[in-house]
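Listed below, chain by chain, are the residues.
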Amino acid sequence: MGGPLGRGYRTDRSAVDAKLSRRTVRRVVAFAAPHRPVIAGFLAVTVLDAAIVVVNPLLIRHLIDDGILRKDGSVVTWLAVVMVLVSLVDASFSIVLGWLSSRIGEGLIYDLRTRVFAHVQRMSLAFFTRTQTGALVSRLNNDVIGAQRAFTSVLSSVVSNSISLLVVGITMLALSWQVTLLCLVTFPILFLASRWVGARLAGLTREQMNGNADLGNVMTERFNVGGALLLKLFGRREEEDDLYDQKAAVVRDLGVRITVVSRVFYAAMVLVPSLATALVYGVGGHLAMSGALSVGTLLALATLLLRLLGPIQGLSNVRVDVMTALVSFDRVFEVLDLPSTVQEKPGAVALPADSTVVEFDDVRFRYPLADEVSLASLETVTRRESADNAEVLRGVSFRAEPGQMVALVGPSGAGKTTITHLMARLYDATGGAVRVGAPDGELVDVREVTLQSLEDVVGYVTQDAHMFHDTIRANLRYARPSADDQDIWDALAAAQVADLVRGLPDGLDTVVGDRGYRLSGGERQRLAIARLLLKAPPVVVLDEATAHLDSESEHAVQRALDEALVGRTSLVIAHRLSTVRQADQILVVDAGRVVEHGTHAELLAAGGLYADLYRTQFAGDEAAV
Ligand code: ADP
């Protein structure tokens, strides 16, 4: 089954490797293990339900042979009553089966979903910079549901249909092996059709899934505010229409092909039983006339024959279902198997809460390759392999003493952001070490400490100061869940944003974030600073906003920062003159190296790169300060 699956999926490793399916099956079984009691109950009811299928046809046989043909009214009445009861039992079984199978299925969805969410959340930042959110979310939703659906349908169809097939087949053989064997002659047509269809459908379905995910991606990319703005500014409506049309056309054509291929199967499904029924009546009719077969037996055989239909149909679909299931499970497992590049070491120690010394010791770094952090199927087209290999930091060393402010300056692309990423352990250094520790203790490599303790020690205010779509209160509490309103107001006041929040109609209950109240850049930064103040970490990493703020905002942000940084060790990507002036050390970063090092006055006097930068980047601020 690897052949047809692999075709057209060169980019998706999971589909090409046919051997994967056996392993996948084992893992699926392991996944289902916690639901064993429910599964056992389900199987028990399934067996009973399958056995009941043959009861009514056998009753028909008696009703005709011993009732109608012998003109015995009471036999006819009683058997009819029993048939009603059997049907009632059968119907209630189907309800119970539905209940049990959905408990298994929904339980499985729940397990998969929560596990994938927990896993993805713990992935390193590198994964998210690589991955398309749309593709990831669609995998979390669609594939998890696909996997569940297929799992329950496999469970119910394989088991119940095989048992029905067996029971019905044996009963038919017992009633008349000659007629039964004749019927069987027609069945290979069905199996051939189902093989052919199954092989093709698996490939087509996968293509369609990817096509749909593709469509979703285009929309998620274009229909967020940023994308929409770009569309408007560049006026690329026609090209965008064409792009979407092409992708939609692929999905449309696949849909048509899937329907036609499936119809071939349904045609066979209708044809074969009709042929078999004709054979039963033709051959069985002659046998009945010669007295070798009773009329009741003949009718029972014809009824049983129709009962074979459902199980056979179910079992032929199972091939497709199993494949769809394995594909879905594979895609989910693929995400689950992707290791995070930043992980806590076994036996990691907790960093002391008063860790205020930071040291970079000959730190070298290159961004990880795509293969190391992400899945081809979650990315789109290009990978920047060549750019990836370049070393971004080439031996960065410095030491920040308790309470010092270290400012990073340098041309764009020099590696400043990367240095801050390593500080917060969003990535791991590929050479050298980043160490943190208490003033009177030993410094510890950040790779040796627990993630939680490092997160507690290092606070990070990013340039975009992201807020969740939630109330201001909830966003701030994210930093410290135990904070009460007074704590929050204190933090807001210290961050120079309390007046603003007080002025909002809903106060702390104002919803901010993507679709919420539109904060200005400066306001958002101050809110982020308030969030940081609540967390109160001893070490702060700060990426100053490059966007120019009006001077009032600028001053407010400055005051907020002064408040936030006092008594804390800080690493600041500086874009403002006031910041560099204040810094205890300035590191001038260029092409992955610290090329100059000193205070503002020292570096200006030295007349090197800093002096150049000062003239181009900071001198404009002079007037404002
Ligand atoms: P700065 O903050 O000084 O402008 P950065 O640290 O952002 O510089 O970038 C340093 C270099 O690393 C740049 O050449 C940039 O292209 C590269 N880079 C940044 N982020 C990534 C990433 N996620 N993957 C690969 N390369 C990256």
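Structure first, text after, so check above.
The structure presented is a predicted model; accordingly, all values stated were derived computationally and were not measured.

Q: Can you tell me about the overall build of the protein chain, naming the residues and giving the values?
A: Each helix and strand in the protein chain was counted, giving 25 helices and twelve strands. Compactness check: the protein chain gives a C-alpha radius of gyration of 35 Å against a globular reference of 25 Å for 625 residues, more than 25% above the reference. Taken along its principal axes, the extent of the C-alpha atoms in the protein chain is 120 × 50 × 50 Å. Summarising the internal contacts of the protein chain: among those between residues at least 6 apart in sequence, 80% fall at separations of at least 24. Carbon and sulfur atoms provide 59% of the accessible area of the protein chain, an area that totals close to 30,500 Å². Within the protein chain, the 68 negative side-chain charges are centred at a point lying 10 Å from the centre of the 60 positive side-chain charges.

Q: Would you mind going over a nonpolar patch on the surface in detail, with residue names and values included?
A: A contiguous nonpolar patch, built from Trp78, Val81, Val84, Leu85 and Leu88 and spanning about 520 Å² of accessible area, is present on the exposed surface. Mapped onto the elements of the fold, Trp78 is located in helix H6 (residues 73-121). Taking the relative accessible area as the measure of exposure, Trp78 reaches 59% and is therefore exposed.

Q: Please give an account of the environment of Ser262 that cites residues and values.
A: Tracing the backbone shows Ser262 in helix H12 (residues 237-289). Taking the relative accessible area as the measure of exposure, Ser262 reaches 16% and is therefore buried. Taking the C-alpha atoms as reference, Ser262 lies 9.3 Å from Arg200; in sequence the two are 62 residues apart. When sequence neighbours within four positions are dropped, the list of residues in contact with Ser262 reads Val197 and Leu201.

Q: Tell me about the side chain of Asp143, residues and numbers included.
A: Relative to the elements of secondary structure, Asp143 occurs in helix H8 (residues 133-175). When residues no more than four places from it in sequence are discounted, the contact partners of Asp143 are Ser138, Met209, Ser328, Arg331 and Val332.

Q: Give a description of the pattern of salt bridges that names residues and reports values.
A: Applying the stated criterion to the full structure yields 22 salt bridges. For Glu391, the salt bridge is made with Arg364, and the minimal N-O distance between the two is 3.2 Å. Pair noted here: Glu391 is in strand S2 (residues 391-400) and Arg364 is in strand S1 (residues 357-366), with a separation of 27 residues, a long-range link. We classify Glu391 as partly exposed; its relative accessible area is 34%. What makes Arg364 partly exposed here is its relative accessible area of 30%.

Q: Can you break down the site of the ligand residue by residue, with the values?
A: Neighbouring the ligand are 13 residues, the closest being Gly413, Gly415, Lys416, Thr417 and Thr418. Lys416 is positioned such that a nitrogen or oxygen atom in its backbone is 2.9 Å from an oxygen atom of the ligand. Within the complex, the protein chains bury 68% of what would otherwise be the 560 Å² of accessible surface of the ligand. Broken down by element, the shell around the ligand gets its largest block of residues, three residues, from helix H16 (residues 416-423). Here the residues of the shell around the ligand sort into five nonpolar, five polar and three charged.

Q: Explain the pairing of strand S12 (residues 593-598) residue by residue, including any values.
A: Bridging between strand S11 (residues 585-590) and S12 involves five bridges; their strand directions are antiparallel. If you follow Val589 over to S12, its bridge partner there is Val594. The antiparallel hairpin formed by S11 and S12 contains two residues in its connecting segment, where Ala591 sits at a positive phi of about 45 degrees.

Q: Explain the pairing of strand S10 (residues 569-573) to me, and be specific about the residues and the numbers.
A: Burial of S10 is extensive: five of the five residues sit out of reach of the surface. Residues Thr569, Leu571 and Ile573 point to one face of S10 and Ser570 and Val572 to the other, with burial holding for every one of them. Relative to S10, strand S3 (residues 405-409) runs parallel, the two sharing four bridges. If you follow Ala407 over to S10, its bridge partner there is Val572.

Q: Residue-level account of the sheet that holds strand S4 (residues 431-437), with values.
A: Judged by pairing direction, the sheet is antiparallel, and its four strands sit side by side in the order S2-S1-S4-S5 without closing on themselves. Both outer strands of the open sheet, S2 and strand S5 (444-445), are each paired with one neighbouring strand and no more. Two strands pair when backbone bridges link them, and S4 and S5 are joined in this way by two bridges, in the antiparallel orientation. Each bridged residue has a counterpart across the sheet, and for Val436 the counterpart in S5 is Val444. Each of S1, S2 and S4 is contacted by H16, which is oriented at about 120 degrees to S1, the strand it contacts most.

Here is what the cut-offs are and how they apply
- Residues numbered from 1 in each chain as written.
- Predicted model: local features only at pLDDT ≥ 70, side-chain atom pairs only at ≥ 80, totals over all residues.
- Heavy atoms only, no water.
- Helix = DSSP H or I, 4+ residues; strand = E, 2+ residues; numbered from the N terminus.
- Rg over C-alpha atoms; globule rule 2.2 N^0.38 Å.
- Contact = heavy atoms within 4.5 Å.
- Areas by Shrake-Rupley, 256 points an atom, 1.4 Å probe, with all protein chains shown as cover.
- Lys, Arg positive; Asp, Glu negative; His and termini not counted.
- Charge placed at Lys NZ, Arg CZ, Asp CG, Glu CD.
- Patch = residues over 30% accessible without salt bridge, like charges linked within 9 Å, V, L, I, M, F, W, Y side chains within 5 Å.
- Salt bridge = Lys/Arg side-chain N within 4 Å of Asp/Glu carboxyl O.
- Buried < 20%, exposed > 50% of the residue type's maximum accessible area, 1.4 Å probe, protein only.
- Near = heavy atom within 4 Å.
- Polar contact = N/O pair within 3.5 Å; in protein donor to acceptor, adjacent residues only side chain to side chain.
- Nonpolar A, V, L, I, M, F, W, Y, C, P; charged D, E, K, R; others polar.
- Pairing = 2+ DSSP bridges.
- Axes fitted to C-alpha atoms, helices over the stretch in contact; angles between N-to-C directions.

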